[in-house]
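Each chain, written out:
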Amino acid sequence: MYSAYDNEFKKISINDAVAGQTYFCPTCKKKLFVRVGERKRPHFCHYRNESCIDYWKYDESEWSDKWKSSFSNDEVEIVHYEHHIDIEVKNNLGIMFSSTSMHRDTFIEKTNYMLSNINNAMWLFNLTDLYKKGIIDPKRDRVIWRNIWKMFSDYPYVDRNVWIVIEIAVKGISWFGILKDIDRSYDEKTLYIRRWHKEEQFRQYFNDIADKKDPEEPYVEEEERQRKLKEEADEKARVEREKQETAEKRRLEELERQRKEEREALLKKQQEDKEKEAALLQKQKEDAEKEAIKQEEAKRNYVLQCYANDPGMKQMSDKLSKLEKLGRIWEFSHLADEWNKKYGFPWLYSEFYH
Ligand SMILES: [Zn+2]
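This one's a predicted model, so the numbers in the text were calculated from it and none came from an experiment.

What counts as what
Residues numbered from 1 in each chain as written. Predicted model: local features only at pLDDT ≥ 70, side-chain atom pairs only at ≥ 80, totals over all residues. Heavy atoms only, no water. Helix = DSSP H or I, 4+ residues; strand = E, 2+ residues; numbered from the N terminus. Buried < 20%, exposed > 50% of the residue type's maximum accessible area, 1.4 Å probe, protein only. Contact = heavy atoms within 4.5 Å. Areas by Shrake-Rupley, 256 points an atom, 1.4 Å probe, with all protein chains shown as cover. Donors = N, O, S within 2.8 Å, 3.2 Å for Na, K, Ca; no water. Tetrahedral: all angles 85-135°; square planar, octahedral: opposite > 155°, others 65-115°. Core = buried A, V, L, I, M, F, W, Y, C linked by side-chain atoms within 4.5 Å. Domains from an automatic or database assignment. Salt bridge = Lys/Arg side-chain N within 4 Å of Asp/Glu carboxyl O. Pairing = 2+ DSSP bridges. Expected span 1.5 Å × (residues − 1). Axes fitted to C-alpha atoms, helices over the stretch in contact; angles between N-to-C directions. Phe/Tyr/Trp six-rings, centres within 6.5 Å; stacked < 30°, edge-to-face > 60°. Lys NZ or Arg CZ within 6 Å of the ring centre and 35° of its normal.

Chemist: Account for the overall build of the protein chain, naming residues and giving values.
Modeler: Helices and strands together make up the secondary structure of the protein chain, namely nine helices and 14 strands. For the protein chain, with 354 residues in total, the buried portion stands at 35%. A separation of at least 24 residues holds for 55% of the contacts in the protein chain among residues at least 6 apart in sequence. Carbon and sulfur atoms provide 50% of the accessible area of the protein chain, an area that totals close to 23900 Å².

Structure below.
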């Protein structure tokens, strides 16, 4: 035990007790002595033959003693009937400490005891050893705990007035996780943590509960504010994105329109070119035909002229029928080019004669 009455009925803590003096149990009022051992810290003890009416086991670790010593004596180990509550803050919040697991029934019994004597009940569990042994794995918003204590896996409370807090000291700094929920759906059980507090914030937290303030409220407000800010930012981003998407869509449409125009212009030009080319080819063909006719006529005229100017030819011609003349002229006209190339023009006539 951490507290006792001295012989003036004044409540004192073990830190102020003197070995050898007589003290009295706050619960059963029987005599106590200060036990000083080499391995254990000093504590108040009932005499061997005088058992206490309080059969409960309390956390008597150095950790809980340290916590108790941070409160005034009239807040520590407050007796109601045959038990006590480890800490009572402002007569409105009871806090019980535990460094170990306990039977689920004990857990429920003690919690109900707190709730029947005071408005709000809080459990503070010291899990630092489990953390050091690597049994629990604390994360930002949860603690993963293999082989979770059965009292947690059967955690019965959804009561608004019961708080479960776990304390884990990491590199000498204590973190206090306010339990939000327990997920029992996996082998690796998960404790969901509302948030982690350092000691000062945690004290503020339970003082708020004791002051009948909602300790979650500022966080709820803050969370709400953050949520709104995020929503606004999201909305802004969405509008901006939409604007960009619309602009991009317009740009693509414009690009597509330009490409279509260019394609149409190109097709039109190609069609025109084709038509021009066809017209040109047609003209060239016509010109070539005209030229061929012209050349044919020129040849004929030339031969006829040669024929008219040559007396020998004229003589022979007179003997030939008109049909034969035409035949000769025709024949001649076909040979004329070749002969002309082969012999030069003056030879043409002599060849013709022979
Ligand atoms: Zn007693």
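From this point, the discussion proceeds with the structure in view.
Chemist: Requested: an account of the coordination of the zinc ion, with residues and values cited.
Modeler: For a metal with four donors in a tetrahedral arrangement, the ideal angle between donors is 109.5 degrees, while six donors in an octahedron ideally sit at 90 or 180 degrees. Within the protein, the zinc ion binds to Cys25 (SG), Cys28 (SG), His46 (NE2) and Cys52 (SG); these donor distances fall in the range 2.1 to 2.3 Å. Angles of 96 to 126 degrees at the metal separate the four donor atoms of the zinc ion, which places the site in the tetrahedral class. Going along the chain, you hit the donors of the zinc ion in the pattern C-x2-C-x17-H-x5-C. Of the two residues, Cys25 sits in the loop between β3 (23-24) and β4 (31-35) while His46 sits in strand β5 (residues 43-46), which places them 21 residues apart along the sequence.

Chemist: Lay out the nonpolar core in plain terms, naming residues and giving numbers.
Modeler: With 33 residues, the main nonpolar core has Phe44, Trp67, Ile95, Met122, Leu124, Phe202 and Phe206 as its most contacted residues. Listed by contribution, the elements that provide at least two residues to this core are β4, α1 (62-69), β7 (83-89), β8 (93-98), β9 (120-126), β12 (162-170), β13 (173-183) and α5 (199-210). Sort the elements by how many residues they give to this core and α5 lands first, with five residues. Here this core spans two domains, and each of domain 1 (1-53) and domain 2 (54-215) adds at least three residues to it. Setting aside chain neighbours within four positions, we find Ile95 in contact with Ile85, Asp86, Ile87, Val89, Met114, Met122, Leu124 and Phe206. Counting 31 residues, the second largest nonpolar core, distinct from the first, contains Ile164, Ile168, Ile182 and Trp196.

Chemist: Run through the pattern of salt bridges, naming residues and quoting values.
Modeler: Applying the stated rule across the entire model yields 18 salt bridges. Asp86 is the salt-bridge partner of Lys68, the closest N and O atoms lying 3.8 Å from each other. Remark: Asp86 occurs in strand β7 and Lys68 occurs in helix α1; sequence separation between them is 18 residues. Under the relative-accessibility criterion, Asp86 is labelled buried at 1%. Across the pair Lys90 and Asp211 runs a salt bridge whose closest N-O atoms are separated by 3.2 Å.

Chemist: Explain the pairing of β4 residue by residue, including any values.
Modeler: Alternating residues of β4 divide into Leu32 and Val34, all buried, and Lys31, Phe33 and Arg35, none buried. Two strands pair when backbone bridges link them, and β3 and β4 are joined in this way by two bridges, in the antiparallel orientation. Bridged to Phe24 within β4 is Lys31. In this sheet, β5 lies alongside β4 in antiparallel orientation, the contact comprising four bridges. Paired with Leu32 across the strands is His46, a residue of β5.

Chemist: How would you sum up the pairing of strand β6 (residues 76-80)? Please name residues and give values.
Modeler: β6 sits mainly inside the fold: four of its five residues count as buried. Across four bridges, β6 lies against β7 in antiparallel orientation. The partner of Val79 across the bridge, within β7, is His84. In this structure, the hairpin formed by β6 and β7 is closed by a connection of two residues, where Tyr81 is found at a positive phi of approximately 55 degrees.

Chemist: Residues and numbers for the environment of Ala169, please.
Modeler: Here Ala169 shows up in strand β12. Once the C-alpha coordinates of Ala169 and Asp129 are considered, the two residues, 40 residues apart in sequence, prove to be 8.8 Å apart. Leaving out residues up to four positions away in the same chain, Ala169 has contacts with Thr128, Tyr131 and Ser174.

Chemist: Which residues make up helix α2 (residues 104-117), and what values do they have?
Modeler: Within an α-helix, residues lying three or four positions from one another point in the same direction, as the helix has 3.6 residues per turn. Its 14 residues give α2 an end-to-end C-alpha distance of 20 Å, which sits within 8% of 20 Å, the value for a rise of 1.5 Å per residue. For α2, the complete set of buried residues consists of Phe107, Ile108, Lys110, Thr111, Tyr113 and Met114. Taken together, the buried residues of α2 touch β6, β7, β8, β9, α4 (150-153) and β12.

Chemist: So what about the sheet that holds β8? Which residues, and what values?
Modeler: Note: strands within a sheet are paired through backbone hydrogen bonds, in either parallel or antiparallel orientation. Strand order in the open sheet made by the nine strands is β6-β7-β8-β9-β12-β13-β14-β11-β10, with mixed pairing throughout. Both outer strands of the open sheet, β6 and β10 (136-138), are each paired with one neighbouring strand and no more. Neighbour-to-neighbour, the strand axes of this sheet turn through a mean angle of 40 degrees, independent of strand direction. Running at roughly 155 degrees to β8, α1 makes contact with β6, β7, β8, β9, β12 and β13 of the sheet.

Chemist: An account of the packing of aromatic side chains is needed here, citing residue identities and associated values.
Modeler: To describe a pair of aromatic rings, one takes the distance between the centres and the angle between the planes. Here the structure, examined in full by the defined rule, presents 22 aromatic pairs. Judged by centre distance (6.2 Å) and plane angle (55 degrees), the ring pair of Trp56 and Tyr58 falls under tilted. An identical accessibility class is assigned to Trp56 and Tyr58; each is buried. Ring centres of Trp123 and Phe125 lie 5.6 Å apart, and the angle between their planes is 15 degrees; this geometry places the pair in the stacked category. Both residues of the pair, Trp123 and Phe125, count as buried. What links up through ring pairs into an aromatic cluster is the set Trp63, Trp67, Phe71, Phe97, Phe176, Phe202 and Phe206. Lying over the aromatic face of Tyr58, Lys110 brings its terminal NZ or CZ to 5.2 Å of the ring centre. Lying across the ring of Phe71, Arg203 places its NZ or CZ 5.4 Å from the centre.

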